[in-house]
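# Examination of the molecular architecture
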Amino acid sequence: MNLAVESLADAFEHVYVQVQGQRIHCVVAGAGEPVLLVPGWPQTWYAWRHVLPILAARGFRAIAIDPPGLGDSDRPEQGYDTGNVAGVLHAAMTHLGHERYHLVGHDVGMWVAYALASDRPQAVRSLTVAEAVIPGLAEAPSIFVAPQDNIFLWHFLFNQVRDLPEFLIAGREEGYLNFMFDRWAIHRHAVAADVYIRAYASPGGMRAGFAYYRAIPETIRQNRERARRALPMPVLAIGAEHATGDAPLRTLQGHADSVRGVILPGCGHFVMEEAPVSFNEHLLAFLEEVEVNR
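Because the structure is predicted, anything quoted here is derived from the model rather than measured. (Residues numbered from 1 in each chain as written. Predicted model: local features only at pLDDT ≥ 70, side-chain atom pairs only at ≥ 80, totals over all residues. Heavy atoms only, no water.)

## Regarding the pattern of salt bridges
Applying the stated criterion across every chain, the model contains 14 salt bridges. Where R23 meets D74, a salt bridge forms, and the shortest distance between an N and an O atom there is 3.9 Å. On the criterion of sequence distance, the pair formed by R23 in strand 2 (residues 22–29) and D74 in the loop between strand 4 (60–66) and helix 3 (82–95) is long-range, its members being 51 residues apart. The class of D74 is partly exposed, set by a relative accessible area of 30%. (Salt bridge = Lys/Arg side-chain N within 4 Å of Asp/Glu carboxyl O. Helix = DSSP H or I, 4+ residues; strand = E, 2+ residues; numbered from the N terminus. Buried < 20%, exposed > 50% of the residue type's maximum accessible area, 1.4 Å probe, protein only.)

So this is what it looks like as C-alpha cells:
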C-alpha cells in the first residue's frame, strides 16, 4: 500500500451495534456508497484489511463485518443458517444507516451474501462473491474423490459432526487451522493465520464456526426455495487458479440475470490476502461500472 492508503488504514473505525439481542462488530473506512464485506471461515473481518483502505480511497464507505459467531461479534447458540445470518447483517447495515449497499462475500461469506441478495434484492445494489460453491445450488460432491480434491472438501463432513470436533481440537486449534491455511494457500506468508487462530481459540470460537456447517441442511432447504428466482442485481464471481477456479461462476450461472466471472492466476483460496492488488482491481472495476450505470 502507498502512504495515502496506509494512513486510511490507520483510520479504521471499530463499531459495535446491537442487533436482535446480540452484539455485532464492524470495521468501517471511508465515506460514500456503502460496501458490505462478509468474511468466511476460518477468518474474521481482518481478511478485508487490504480491501477496506482501497475502497475508501476510491470514494466508497467500506464496512467489514464479523458475522454472528465470528471474530468480535457475539456467539449465539443457534441461528447460523444463512437466512438468519443474512437478516442479522441487513439489520446491522440498517442500524448504520444504510438501506441499500453493495455486497461482497468470501467462502462461507459467499453463502451468506447469496442469501442476503436473494432474500432482500431491494437492498443489494450489486453482489460480488469469491471462492466457494453454495449449498443447495451446487451439486453435492462425492465423498470418494482424489486426495487433491479432498483437501478442499474433508472439513464439510467433519465440521458437521456434533461435539467430536470440539473434543478433538480443544487445545490444538493452532494445528487444526494451520493445516488448512498451509494447504489452501499458495502465498502462505500472506495469510494472517495468527490473528484467526487467536479468534477461533477463544471460548466458543470453534463451536460457533462449526455451527455454520451444522446448519447446512437448513441452508440447503432455504436455497432450493431461493433458486426459484434469479438474482436481479449484477453479479461478479471470483475464483482462484489453485482453489475453486470457475466454480463460483458455474454455481451462480442460471441463478442471476447478469453474472460474470474471473479467475485470479497464481493464487490460492485466500484471495483478498494472497492477491490483494488483482482482487481489488476487479472489485473496483465492477463496483464503479455499477455506479456509472445506476
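The structure having been displayed, the exposition proceeds.
## Comments concerning the nonpolar core
If you look at the biggest cluster of nonpolar residues, it comprises 100 residues, and the most contacted ones within it are L36, L37, W41, L52, L55 and F279. No other element matches helix 4 (residues 108–119), which puts 9 residues into this core. Once you skip the residues sitting within four places of it in the chain, L36 turns out to touch I63, I65, L89, M93, Y101, H102, L103, V104 and L116. (Core = buried A, V, L, I, M, F, W, Y, C linked by side-chain atoms within 4.5 Å. Contact = heavy atoms within 4.5 Å.)

## Structural notes on the environment of W41
Here W41 lies in the loop between strand 3 (33–38) and helix 2 (52–57). Separated by 155 residues in the primary sequence, W41 and Y196 have C-alpha atoms spaced 9.4 Å apart.

## Section: the side chain of E273
Relative to the elements of secondary structure, E273 occurs in helix 13 (residues 271–274). Under the relative-accessibility criterion, E273 is labelled buried at 3%. Ignoring anything within four residues of it in the chain, the contact list for E273 reads Q43, A47, R49, H50, A190, V191, A192 and Y196.

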